Amino acid sequence: MRRVIRIAAAATATAGLALTATACGQSFAEANRAKHAGVGLAFDIGGRDDHSFNEAAARGADNATKKLGVNVKMLTAKNGETEADREQRLTSFAEAGYNPVIGVGFAYSQAVQNVAKDFPATTFGVVDAVPEGKNVDAMVFAEHEGSYLAGVAAALKSKNHKVGFIGGVNNALIQKFQAGFEQGVRDTDPKVKVTSQYLYPNNDKGFNDPAAAKAKAGGMLDSGIDVIYTAAGQSGAGTIEAISKVKGAWAIGVDSDQYQQPGLARYKNRILTSVVKNVDVAVFDLIKSAEDGKPLTGIHSYDLKHSGVSLATSGGFIKDIQPQIDAARKKIIEGKVKVKETP
């Protein structure tokens, strides 16, 4: 995968040299920060054990600890947070000497952009957003491409010719999942009906409300839908639980290979597949680049062609339709199929 690498200026100022450092372009806050303390990882709501997005980022950090020996500190957002709350979390990392500081999720976009200005010698990363900043690594993914493959699988596996999509929050990012899924279904079998619904229109609680997802999935199942793809972080566990009670129904997981998640083990035989976003790879890439003294900055896209997204095969439930999935993947990579990013 192509990488745009720039070398960020290093700073080793002490409190006594604060004014001098500030005059050279370094902020007062950064001039007085502690020496390098490790990596700061700021999770979105749900925390590292959400069986999904945050957990994928945590795996990248864990891998960095194992392979590079770096110390990692993790903090988690809460429901109903303000922009100021997110900025304070990132600032506390930077002031304590953590470098890089990584915000997991688009909700950290503005906070990263604001805080990065105050700590120009600290590298910041953000997943699923593209904030401005010379010292910022924007890690973005082709969720729509992976979701297209999920749509292919859903259309081929549905016996009732009815499939569903549940999004956590109705925003541009989650609409990419919806758009790809719907297109994959239509291109595979136009006779299959797709129903798409959201848990919340604009409340991040949608990523941390399994009960709401369970209820929404229950309604879909009652209407005859027998395959449901949920892009809603920790909420998706509610969908999977609801599906486990209906014979012949399938769940499609998201972000992590949810068949492999210990917390979902009791339901794994109802998880058809998962659209995996290799957030762990992106997080590890950034940490390693910083440890090597050449921190990644700019925009880095992780797409289907470069294995940034994929469809999990755990359980062997899509083995019988793998040729069709592989054919669809090939068409996307070769540019013969252009996957939409909006419904």
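Scroll up to find the structure this text is about.
As the structure is a computational prediction, the values presented were derived from the model and not from experiment. (Residues numbered from 1 in each chain as written. Predicted model: local features only at pLDDT ≥ 70, side-chain atom pairs only at ≥ 80, totals over all residues. Heavy atoms only, no water.)

Participant: Residues and numbers for the overall build of the protein, please.
Facilitator: Within the protein, the secondary structure is distributed over 11 helices and 12 strands. Here the protein holds 343 residues, and the buried ones make up 55% of them. A separation threshold of at least 6 residues defines the contact pool for the protein, and within that pool the share at least 24 residues apart is 70%. Carbon and sulfur atoms provide 50% of the accessible area of the protein, an area that totals close to 14600 Å². (Helix = DSSP H or I, 4+ residues; strand = E, 2+ residues; numbered from the N terminus. Buried < 20%, exposed > 50% of the residue type's maximum accessible area, 1.4 Å probe, protein only. Contact = heavy atoms within 4.5 Å. Areas by Shrake-Rupley, 256 points an atom, 1.4 Å probe, with all protein chains shown as cover.)

Participant: If you had to explain the packing of aromatic side chains to someone new, which residues and values would you point to?
Facilitator: Within this structure, the stated rule accounts for 9 aromatic pairs. On the basis of an interplanar angle of 65° and a centroid distance of 5.7 Å, the ring pair of F165 and Y229 is categorised as edge-to-face. Taken together, the positions of F165 in strand 6 (residues 162-169) and Y229 in strand 8 (residues 227-231) put the pair 64 residues apart, joining distant regions of the chain. As far as the burial class goes, F165 and Y229 line up, both buried. Pairwise contacts between aromatic rings join F165, F181, Y198 and Y229 into one cluster. (Phe/Tyr/Trp six-rings, centres within 6.5 Å; stacked < 30°, edge-to-face > 60°.)

Participant: Any details on unusual backbone geometry? Residues and values, ideally.
Facilitator: Both trends apply: most residues other than glycine have a negative phi, and most peptide bonds are in trans. The residue after N99, namely P100, is reached through a cis peptide bond having omega 10°. Of note in this structure, H161 is not a glycine but carries a positive phi near 60°. Structurally, H161 is set in the loop between helix 6 (143-157) and strand 6. For H161, a relative accessible area of 40% gives the class partly exposed. With phi around 70°, D255 is a residue other than glycine that occupies positive phi space. Looking at the element boundaries, D255 is found in strand 9 (residues 250-255).

Participant: Give me the pattern of salt bridges: which residues, what numbers.
Facilitator: Scanning the model with the defined rule gives 11 salt bridges in all. Note that E81 and R89 form a salt bridge whose closest N and O atoms lie 2.4 Å from each other. For E81, a relative accessible area of 17% gives the class buried. For E334, the salt bridge identified is with K330, shortest N-O distance 2.8 Å. Judged by its relative accessible area of 40%, E334 is partly exposed. (Salt bridge = Lys/Arg side-chain N within 4 Å of Asp/Glu carboxyl O.)

Participant: Before we move on, could you go through the sheet that holds strand 7 (residues 193-200) and cite the residues and values that matter?
Facilitator: Taking strand neighbours across the sheet as the criterion, the 6 strands line up as 7-6-8-9-10-12 in an open arrangement whose pairing is mixed. In this open sheet, the two edge strands, each paired with only one partner strand, are strand 7 and strand 12 (309-311). Across the sheet, the mean angle separating the axes of adjacent strands is 15° when strand polarity is ignored. Pairing of strand 10 (residues 271-277) with strand 12, which is carried by 3 bridges, proceeds in the antiparallel orientation. Of the residues in strand 12, the one forming a bridge with V275 is L311. Here helix 8 (residues 210-222) sits on the sheet in contact with strand 6, strand 7 and strand 8, set at roughly 155° to strand 7. (Pairing = 2+ DSSP bridges. Axes fitted to C-alpha atoms, helices over the stretch in contact; angles between N-to-C directions.)

Participant: Go over the pairing of strand 5 (residues 136-141), please, and point to the residues and values.
Facilitator: Of all 6 residues in strand 5, 6 are buried, a share of seventy percent or more. As defined by bridge partners, strand 4 (residues 124-127) adjoins strand 5 across 4 bridges and the pair is classed as parallel. Considered in strand 5, the bridge of V127 is made with M139. The pairing of strand 5 with strand 11 (residues 298-302) spans 5 bridges and is classified as parallel. Note on strand 11: the bridge partner recorded for M139 is H300.

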